[in-house]
Amino acid sequence: MKVIAINGSPRANGNTHHAIKLVLEELNNENIDTEIVHIGNQKISGCMGCGKCYRNKDDKCIITDDPVNEWVTKIKEADGIIFGSPVFYAGMNGTMKSFMDRLFYLAGANNLFRHKVGASVVAVRRSGGIPTFNQLNIYLTYSEMIIASSNYWNVIHGTMPGDAEDDSEGQQIMQILGRNMAWLLKSLEGSKIAKPQKTKKVMTNFIR
């Protein structure tokens, strides 16, 4: 089994990274392979809403001047995915938003993330952590992912890189999240119960 963690922070080794590492350490303790993909320092174009990924169904975005397609190839093979973001103005940062829009719209064409285990983690200085956490989880629930949880919302606090190490409750939240995610992954792998059949999505727009 393997879990891919997405670090949406511009800082490679900031508090978002620290939160992710705490989760991954618990997964590693359960012999689950892990990898961090740092996307927050890249220039990522926003989704154009062209729908080509849905029509082509080739798991690729037609935008090719950034690494999104390379990341998709890696992410779709994972059993679990962690999405980590810092808080910018009470929401995820712009790079992460562009990435999530592209990734999940593309993934929806072939149900790439259906029944994969997912989790969201957030690093924040003071406030805005819960709105960002909810914003990330919207993508996971839309894609029929199975969400791992902890004993509180998955938010850790800190301003400068390393500050999150002083948030003892935040650190425990991430550790419990990692243990719960490992348990979910192993439970699904060992389950003999057949998964529900895929259902074609009904789309309406409320305009009459």
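Described below are features of the structure shown in this document. Values in this document were obtained by computation on a predicted structure and should not be read as measured data.

Details of the environment of Gly158
Move 1: The residue Gly158 is located in the loop between strand S7 (155-157) and helix H6 (168-190) in this model.
Move 2: On the basis of relative accessible area, Gly158 is assigned to the buried category, the value being 15%.
Move 3: Discounting chain neighbours no more than four positions away, the residues touching Gly158 are Asn15, Val124, Arg125, Asp163 and Ala164.

What to know about the layout of surface pockets
Move 1: Reported here for the largest pocket is a volume of approximately 450 Å³.
Move 2: Taken together, 18 residues form the lining of the largest pocket, with Tyr54, Gly108, Asn111, Tyr142 and Lys201 sitting closest to its centre.
Move 3: The greatest single-element share of the lining of the largest pocket, amounting to four residues, is contributed by helix H4 (residues 94-108).
Move 4: Across the lining of the largest pocket, the residue classes break down as nine nonpolar, four polar and five charged.
Move 5: Computed from the structure, the second largest pocket encloses a volume of approximately 370 Å³.
Move 6: Every residue lining the second largest pocket is counted, 19 residues in all, and those nearest its centre are Pro86, Val87, Arg125, Gly158 and Thr159.
Move 7: Every element with two or more residues in the lining of the second largest pocket is listed here: helix H1 (15-29), strand S3 (80-88) and strand S5 (117-124).
Move 8: Broken down by element, the residue count for the lining of the second largest pocket peaks at three residues, all from S3.

Calculation notes
- All chains use their own residue numbering, which begins from 1 and follows the written sequence.
- Whole-chain, interface and lining totals are the exception, using all residues; otherwise, since this is a predicted model, local features are given only for residues with pLDDT of at least 70 and side-chain atom pairs are given and counted only at 80 or more.
- Derived side-chain values reflect all non-hydrogen atoms in the structure, with water molecules and hydrogen atoms excluded from consideration.
- Secondary structure elements follow DSSP: runs of H or I of four or more residues count as helices, runs of E of two or more count as strands, with numbering from the N terminus.
- Note on exposure labels: buried denotes an accessible area under 20% of the residue type's maximum, exposed denotes more than 50%, and partly exposed covers the range between, all computed with a 1.4 Å probe on protein chains only.
- The criterion used for residue contact is that any of the two residues' heavy atoms lie within 4.5 Å.
- The distinction between a cavity and a pocket rests on a 1 Å grid over the protein atoms alone: a 1.4 Å probe fits inside a cavity but cannot get out, while a pocket stays open yet meets protein on both sides within 12 Å along at least five of seven lines, and a residue with an atom within 4 Å of a point counts as lining.
- Grid points are joined across faces, edges and corners, and a volume is the space filled by probe spheres set on the points.
- Classification convention: Asp, Glu, Lys, Arg as charged; Ala, Val, Leu, Ile, Met, Phe, Trp, Tyr, Cys, Pro as nonpolar; all other residues, Gly among them, as polar.

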